[in-house]
Amino acid sequence: MIERKEITLSVNGSPYALEVKVNRVLLDVLREDLGLTGTKEGCSMGVCGACTVLLDGKPVNACLTLAVEAEGREITTVEGLTRDGKLDPLQEAFVEEGAVQCGFCSPGMLITGKGLLAENPSPTEFEVRKAIAGNLCRCTGYVRIVKAILKASQAGAGSAPGNRKE
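Remember, it's a predicted structure, so these values are computed and weren't measured experimentally.

A. Inspection of the overall build of the protein at higher detail. Each helix and strand counted, the protein has five helices and five strands in total. In the protein, the succession of α and β elements from N to C terminus is β-β-α-β-β-β-α-α-α-α. By the compact-globule yardstick of 15 Å for 166 residues, the protein fits well, its C-alpha radius of gyration being 15 Å. Its C-alpha atoms give the protein principal-axis dimensions of roughly 50 × 35 × 25 Å. Looking at the 166 residues of the protein, the share that counts as buried comes to 43%. The contacts in the protein between residues at least 6 apart in sequence include a share of 58% that link residues at least 24 apart.

B. Quick peek at unusual backbone geometry. The phi angle at Ser44 is positive, at roughly 60°, despite the residue not being glycine. For Ser44, the location among the structural elements is in the loop between α1 (26–33) and β3 (52–55). Backbone geometry places Tyr142, a non-glycine residue, at a positive phi of 75°. Tracing the sequence through the fold places Tyr142 in the loop between α4 (125–131) and α5 (143–154). Looking at Tyr142, the relative accessible area reads 22%, which means it is partly exposed.

C. A look at helix α3 (residues 106–119). An ideal rise of 1.5 Å per residue puts 20 Å on 14 residues; α3 measures up with 20 Å between its terminal C-alpha atoms. A large share of α3 lies buried, amounting to twelve of its 14 residues. Along α3, the residues that are buried comprise Ser106, Pro107, Gly108, Met109, Leu110, Ile111, Thr112, Gly113, Lys114, Gly115, Leu116 and Leu117. In this structure, the buried residues of α3 make contact with β3, β4 (58–61), β5 (74–76), α2 (89–96), α4 and α5.

D. Molecular detail of the nonpolar core. Counting 21 residues, the largest nonpolar core has Leu90, Phe94, Met109, Leu110, Ile132, Ile145 and Ile149 as its most contacted members. When residues of this core are traced back to their parent elements, those giving at least two are α2, α3 and α5. With residues near it in sequence (within four places) discarded, Leu110 still touches Val78, Leu81, Leu90, Gln91 and Phe94. In this structure, Val20, Leu26, Val29 and Cys63 belong to the second largest nonpolar core, which totals 20 residues.

E. Quick peek at the pattern of salt bridges. Taken as a whole and assessed by the stated rule, the structure comprises eleven salt bridges. Close ionic contact of Arg4 with Glu19 constitutes a salt bridge, the shortest N to O distance being 2.9 Å. With Arg4 in strand β1 (residues 4–11) and Glu19 in strand β2 (residues 14–21), the pair connects residues that are 15 residues apart, well separated along the chain. Here Arg4 falls in the partly exposed class, since its relative accessible area comes to 44%. Linking Lys58 and Glu119 is a salt bridge whose minimum nitrogen-to-oxygen distance equals 3.5 Å. One end of the pair, Lys58, is in strand β4; the other, Glu119, is in helix α3, with 61 residues separating them in the sequence. Since its relative accessible area comes to 46%, Lys58 is described here as partly exposed. Judged by its relative accessible area of 60%, Glu119 falls in the exposed class. Because the salt bridges share partners, they merge into one network encompassing Glu96, Glu97, Lys147 and Lys151.

F. Fine view of the sheet that holds β1. Across the sheet, five strands lie side by side as β2-β1-β5-β3-β4; this open sheet has mixed pairing. In the strand order of this sheet, the two ends are held by β2 and β4, each with one partner. Adjacent strand axes in the sheet meet at a mean angle of 40° when their direction is disregarded. Packing of α3 onto the sheet brings it into contact with β3, β4 and β5, and relative to β3 it is tilted by some 35°.

Calculation rules
Residues numbered from 1 in each chain as written. Predicted model: local features only at pLDDT ≥ 70, side-chain atom pairs only at ≥ 80, totals over all residues. Heavy atoms only, no water. Helix = DSSP H or I, 4+ residues; strand = E, 2+ residues; numbered from the N terminus. Rg over C-alpha atoms; globule rule 2.2 N^0.38 Å. Buried < 20%, exposed > 50% of the residue type's maximum accessible area, 1.4 Å probe, protein only. Contact = heavy atoms within 4.5 Å. Expected span 1.5 Å × (residues − 1). Core = buried A, V, L, I, M, F, W, Y, C linked by side-chain atoms within 4.5 Å. Salt bridge = Lys/Arg side-chain N within 4 Å of Asp/Glu carboxyl O. Pairing = 2+ DSSP bridges. Axes fitted to C-alpha atoms, helices over the stretch in contact; angles between N-to-C directions.

What follows is the structure, given as structure tokens:
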């Protein structure tokens, strides 16, 4: 029998008390228990980046992170980028640059981009491409995604999730 543990997760600024099996991955807890379905399940092997979330501000693959490992840490999902009904500047840039096509990779790309901009508010094109190298997209060819992240860097999207440079 698999051991269960009571944990508290802080997701998008809200606390959640849960009892989970110790072998359960964060992706499943976010999607199934908390109903945060913006984080996508792609490969379940940490290769595609569709499940990327920020864990204490750093991009991680939620399909490889145990939920118990996230206890006491801040988790940001794509749902956490929008605040008070306003899109984050990075989300706005994705829309304006046409960086969203089928949308499956978009949550992971947005979160990875947000993590990059928080660490490096003015990245070069090379740095953007390097940061998103772990996120696969079959639709866009990455040109518009890179342009959107660079555009957002000029709009001050490197602040904490959801915050805007005014």
